[in-house]
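A closer look at the structure
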Amino acid sequence: MTTAAEIRGRRQWPLPKQANPAAPLLEVEDLSVRFAMRQGSVKAVDGVSFRLDDGEALGIAGESGCGKTTTALSLVRLLPANGRIRGGSVRLFGIDLVPKSERQLARYRWREISMVFQGAMNALNPVQRVGDQIAEPIEVRLGQSRDASHKRARELLDLVGIPKQRSAAYPHELSGGMRQRAMIAMALACDPAIVIGDEPTTALDVMVQAQILQLLERLRRELGLSLILITHDLSVIAETCDRVMIMYAGKVAEEGPVTRLFTAPRHPYTRKLLSSFPNIHADRRTLDVIPGAPPDLRNPPPGCRFAPRCSFAMDVCREVVPPEVRFSDGVRVACHLFPTPDTAPLVVASGPTAPLTVGRRADGAHEAAPGIPDVPTPPPAGRPRGLDGADPEDGQRPLDEGRSAS
Amino acid sequence: MSEPYDGLAAPPPMPRPDDPAAVPAPVSHPAEWSVAADAPELLRLDNLEVHFPIRGGLLDTLTGRAKGVVRAVDGIDLTIRRGEILALVGESGSGKTTTGRVVVKLTKQTGGRVTVDGKDVSSLWGTRSLRDYRRRVQLIFQDPYETLNPKHTIGEFVMEPLIVNRIGSKHERLERAMAALDAAGLRPAADYAARYPHELSGGQRQRVVIAGALVMDPELVVADEPVSMLDVSIRTELLRLMLDLRRERGLTYLFITHDLSIAWVLADRIAVMYLGKIMEIGPAEQVIRTPRNPYTQALVSVSPSPDPPAAGERASRTILVGETPDAAHVPSGCRFHPRCPLAFDRCTVDEPPLFDVGDGHKAACWLAEAGPLNLPVIEAVEAAGGSEVAAADIGVATEAAS
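Residue numbers run consecutively from 1 along every chain, following the written order of its sequence. To read the labels, note that chains go from A and ligands from 1, taken in the order they are written. Given that the model is predicted, a residue must reach a pLDDT of at least 70 before its local features are reported, and side-chain atom pairs must reach 80 or more before they are shown or counted; all residues, however, enter totals for whole chains, interfaces and linings.

Some remarks on the overall build of chain A
This is how the line gets drawn: Strands are runs of DSSP state E lasting at least two residues, helices are runs of H or I lasting at least four, and both sets are numbered from the N terminus onward. Residues with at least 20 neighbouring C-beta atoms inside 10 Å of their own are called buried, those with 12 or fewer are called exposed, and the rest are partly exposed, where every C-beta is derived from the backbone. What counts as a contact is two residues whose backbone-derived C-beta atoms lie within 7 Å of each other.
When helices and strands are tallied, chain A shows 13 helices and 15 strands. Relative to its 406 residues, chain A shows a buried fraction of 50%. The contacts in chain A between residues at least 6 apart in sequence include a share of 65% that link residues at least 24 apart.

Here you go:
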């Protein structure tokens, strides 16, 4: 694993002037975005916080309307005209981007944060050759000469697996997979610190999707790319990302390392979502049903937004918004079923027990199973992600002992 | 159970909700309702062919001379028994949708035969004769947003097929429409019937489309990617609905999808198409677990799963290089050979027929000629056609399955 210093040392272009070299790559805190509609204001994103470290891949998942795309678009303020950031901060290298003016922000768009959109056919200019389109940001944003930028464009095409000769092709002459590769080349044009992929593989065939995901993986390895992958498809995240953030109705339901969250989901929504995905590689032909529909964000339910659809909802869920609770394995959850750090006495470290191993049963329930070792992620220095003082090794026990027996 | 929650492991067993009925039944492949082996055949396709001519410039258009043909569907055989769900799986351009359109008579086949319930319907054309046919065979499209007329109420949409087919009195039509809406899970039906499409969510719209198909009380439903536009939670509800309808009404489905894992959850049998041909067909379990065609094997291996891959697991994915060739230039021999990691000399010359490998499981691959052969896992991710590699690997892995 390459360190942040190494990745930053590899940058072709210096960090922005105001950057704090010691600051984390991206820190989003308490971000709120509203859309002004005729019928009222929609809280599309409501108090979302997350962090992205150098070289890390974060997946943001959720159903349509959960605010995952809005969250990503608001990082570089590419929101539709009626969207406004109403609060919170977006700190890139410690620089808060929210108070920046449009003009100041332009320096960060594409050069520091670039995007790969879903429909490459719509995102590419149909009357411009792909090579020219990739060269354009290099020329405009980085002030390179025409020759240098075209040379770089051809290198980039080569990097993403498009033969250099095809740089003279128009988008319609390329297949869907090739267009998506060209989009990725364009996103990489200015050697950005972060690439955001908004459903980059959704419209593609499964084999082409596998090719693109493989490409992203290779680019991460070779370039130390930091990636935010937005998708409704949890399986894509499971295959590509280090951490995953599950959003529901504009809020973070659960966030944590992919290995933890997908094998031992805590939030009832995460559990439901995971078990409503078919898994061809497991003996599971059962899909869970999540009853009901997401709430109307013009006036969301007062308590937990998932409460009306949650089979475990208690009275408190309908009245109080659940706080986010951090666990020592790097997962944070916003759900009343989990004690807050204030109720820490509940979190008693018991004696040494069997190591935490999890697997999936055929019916989708979770049970203790050998084979998948659990490695708790140590909290990064300077920002404990776990409960204060709790030792990750303490108090572990096989998952759901009672449940698998019943 | 009484153990205090330790905050580290996943949560303790959660309290069951008060009302067990509030928890909807999960979608599960219904072992309790498998199709009897002697169920009568409902649909049969024999050597079905759909070739679209490519016309060139003005002169060609005037002379009507075709420049070439797109072999969208290039000779497929298929049977579906009554009450069965057959999933037709393939990537874009594989001809799966065209096959579905031929079955519902929206596209004319250029060769072969379509038999429904023992009757040859291949040459059944013209509105009058099709009317009866379309009562029995209905189509559900992918996009509920485009299927519904925004200016018609839900009730009007559902009643329309009855009006077109001149079925029943006004009152009877209304009653049937309500029953169909109710069966599609839109309750209370009267409430939904008065609404317009824009008032409904994506999942509800797709239910309306299903109701529109149900109102004719069909025997065979051709569902073309009915859930691929929908979110997971809604998707599951609709799959549940489709399974329930089969149980209650004995519906038969031709389920067209690009998603192998959905096919696996829902279907009794799976047929995998590539460039207009069926590469493999058989019981879902066998096709997914023991694929006998390298294409199916590759598709299964790259189907993402919601479990994070364990170390080394990724190596076992077979990512094919290149893309599906276009159907106007079908490769010689086995049409998959240019991308097949196991291709050998014969594959470039002769086209393999579907070989029976037992239990109604058939694979169009020369490797399956001698019977069931466990395909070697091709570890090289960038697997390209290479006969030496293939020969060596097969030498190791040749073992007939029991």
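Overview of the overall build of chain B
Assigned secondary structure in chain B consists of 14 helices and 13 strands. Put simply, 66% of the contacts in chain B that link residues at least 6 apart link residues at least 24 apart.

Looking at the nonpolar core
Residue and element names in this part refer to chain B. Going by this rule: For our purposes the nonpolar core covers buried Ala, Val, Leu, Ile, Met, Phe, Trp, Tyr and Cys residues that link as a set through C-beta atoms within 7 Å. Domain borders in the structure are assigned automatically or taken from a domain database.
Grouped together as the largest cluster of nonpolar side chains are 209 residues, with contacts concentrated most on Leu181, Leu254, Phe255, Ala263 and Val272. Counting residues domain by domain, this core receives three or more from each of domain 1 (31–272) and domain 2 (290–305 + 314–397). With near-sequence residues (within four places) excluded, leucine 254 lies in contact with Leu43, Ile80, Leu86, Leu88, Gly100, Val103, Leu220 and Val222.

A short note on the sheet that holds strand E12 (residues 324–326) of chain A
Residues and elements named next belong to chain A. Condition: Following DSSP output, two strands are said to pair if at least two bridges run between them. The axes are straight lines fitted to the C-alpha atoms, using for helices just the contacting stretch, and the angles between their N-to-C directions are given from 0 to 180°.
On the basis of which strands lie adjacent, the open sheet formed by 8 strands has the order E6-E7-E8-E3-E9-E10-E13-E12 and mixed pairing. Each edge of the sheet is formed by a strand with only one pairing partner; in this case those strands are strand E6 (113–116) and E12. Strand-to-strand, the axes of this sheet are offset by a mean angle of 20°, without reference to chain direction. Note: E12 against strand E13 (residues 332–334), 3 bridges, orientation antiparallel. Bridging across to E13, glutamate 324 finds its partner in alanine 334. Strands in contact with helix H7 (residues 176–187) are E6 and strand E7 (194–198); relative to E6, the strand with the most contacts, it is inclined by about 175°.

Thoughts on the pairing of strand E10 (residues 251–257) of chain A
Residue and element names in this part refer to chain A. Among the 7 residues that make up E10, 7 are buried, leaving the element largely enclosed by the rest of the structure. Summarising the sheet, strand E9 (residues 243–248) and E10 pair through 6 bridges and their orientation is antiparallel. By the bridge assignment for E10, isoleucine 246 is matched with glutamate 254. Between E9 and E10, which pair antiparallel in sequence order, lie 2 residues; one of them, alanine 249, sits at a positive phi of approximately 50°. As judged from the 2 bridges shared by E10 and E13, these two strands associate in the antiparallel manner. If you follow glutamate 254 over to E13, its bridge partner there is valine 333.

Points about helix H6 (residues 170–183) of chain B
All names here are of chain B. Note the cut-off: A helix is expected to span 1.5 Å multiplied by its residue count minus one.
A rise of 1.5 Å per residue sets the reference length of H6, with its 14 residues, at 20 Å; its end C-alpha atoms lie 20 Å apart and thus fit the reference within 8%. Taken residue by residue, H6 has Arg176, Ala177, Met178, Ala180, Leu181 and Ala183 as its buried positions. Two residues or fewer after H6 comes glycine 185, characterised by a positive phi angle close to 85°.

Remarks on the environment of B:Ala189
All names here are of chain B. Relative to the assigned elements, alanine 189 resides in helix H7 (residues 189–193). Alanine 189 gets classed as buried once you count the C-beta atoms within 10 Å, which come to 20. With 10 residues separating them along the chain, alanine 189 and alanine 179 place their C-alpha atoms 7.6 Å apart.

What to know about the packing of helix H8 (residues 202–214) of chain B against helix H9 (residues 232–249) of chain B
Residues and elements named next belong to chain B. Heads up, the condition is: Relative orientations are named as follows: roughly parallel for angles under 35 degrees, roughly antiparallel for angles over 145 degrees, roughly perpendicular for angles from 65 to 115 degrees, and oblique for any other angle. By convention, the crossing between two helices is left-handed when the near helix turns anticlockwise from the far helix through less than a right angle, and right-handed when the turn is clockwise. The residue classification treats Ala, Val, Leu, Ile, Met, Phe, Trp, Tyr, Cys and Pro as nonpolar and Asp, Glu, Lys and Arg as charged. All others, Gly included, are polar.
At a minimum axis distance of 9 Å, the contact between H8 and H9 shows a crossing angle of 20°. The orientation of H8 with respect to H9, classified from their angle, is roughly parallel. For the element pair H8 and H9, the recorded crossing hand is right-handed. On H9, the residues that touch Gly202, Gly203, Gln206, Arg207 and Ile210 of H8 are Ile234, Glu237, Leu238 and Leu241. Of the residues contributing to the contact of H8 with H9, the split by class is 4 nonpolar, 3 polar and 2 charged.

Observations regarding unusual backbone geometry
With an omega of -5°, the peptide bond running from B:Arg187 to B:Pro188 counts as cis. By the element assignment, B:Pro188 lies in the loop between H6 and H7. Not every positive phi belongs to a glycine, and A:Asp191 is a case in point at roughly 55°. Here the phi dihedral of A:Ala249 falls at roughly 50°; this positive angle occurs in a residue that is not glycine. Within the element layout of this structure, A:Ala249 appears in the loop between E9 and E10.

Side note on the pairing of strand E5 (residues 111–116) of chain B
Residue and element names in this part refer to chain B. Bridge analysis of strand E2 (residues 41–54) against E5 gives 5 bridges, and the strand direction is antiparallel. Paired with leucine 45 across the two strands is valine 114, which belongs to E5. Taking the residues that link successive antiparallel strands as the turn, the E5-strand E6 (residues 119–120) hairpin has 2 residues, and the phi of aspartate 117 there is positive, at about 55°.

Describing the sheet that holds strand E11 (residues 277–283) of chain B
All names here are of chain B. One open sheet accounts for 8 strands, arranged E7-E8-E9-E4-E10-E11-E13-E12; its pairing is mixed. Because the sheet does not close on itself, it has two edges, and the strands there are strand E7 (137–140) and strand E12 (355–356). Pairing between strand E10 (residues 269–274) and E11: 6 bridges, direction antiparallel. Bridge pairing in E11 places tyrosine 274 opposite lysine 277. Here helix H2 (residues 96–103) sits on the sheet in contact with strand E4 (85–89), E7, strand E8 (220–224), strand E9 (252–257) and E10, set at roughly 150° to E9.

Some points on the domain arrangement of chain B
Residues and elements named next belong to chain B. Taken domain by domain, chain B comprises domain 1 (31–272) and domain 2 (290–305 + 314–397). Contact with domain 1, which involves 12 residues of that partner, is made by 10 residues of domain 2. A total of 6 residues in the side of domain 1 that touches domain 2 trace back to one element, the largest contributor, which is strand E3 (residues 68–81). Here the side of domain 1 that touches domain 2 is composed, by residue class, of 6 nonpolar, 3 polar and 3 charged.

Digging into helix H8 (residues 206–223) of chain A
Along an α-helix, residues three or four positions apart point the same way, because every turn accommodates 3.6 residues. For H8(A), which comprises 18 residues, the first-to-last C-alpha distance of 25 Å matches the rise-based estimate of 26 Å (1.5 Å per residue) to within 8%. What H8(A) keeps buried is the set A:Val206, A:Met207, A:Val208, A:Gln209, A:Ala210, A:Gln211, A:Ile212, A:Leu213, A:Leu216 and A:Arg220. Here the buried face of H8(A) lies against strand E3 (57–61), H7, strand E8 (226–231) and helix H9 (234–240) of chain A together with helix H12 (294–302) of chain B. At the exit of H8(A) stands A:Gly224, carrying a positive phi of roughly 65°.

With respect to the confidence of the model for chain A
To keep it simple, the criterion reads: Values of pLDDT, which run from 0 to 100, indicate the predictor's confidence residue by residue.
Confidence in the prediction for chain A averages 79 pLDDT; 82% of positions are at 70 or higher. For residues 342–406 of chain A, every residue scores under 50 in pLDDT, and the model assigns this stretch 117 contacts once sequence neighbours within four places are set aside.

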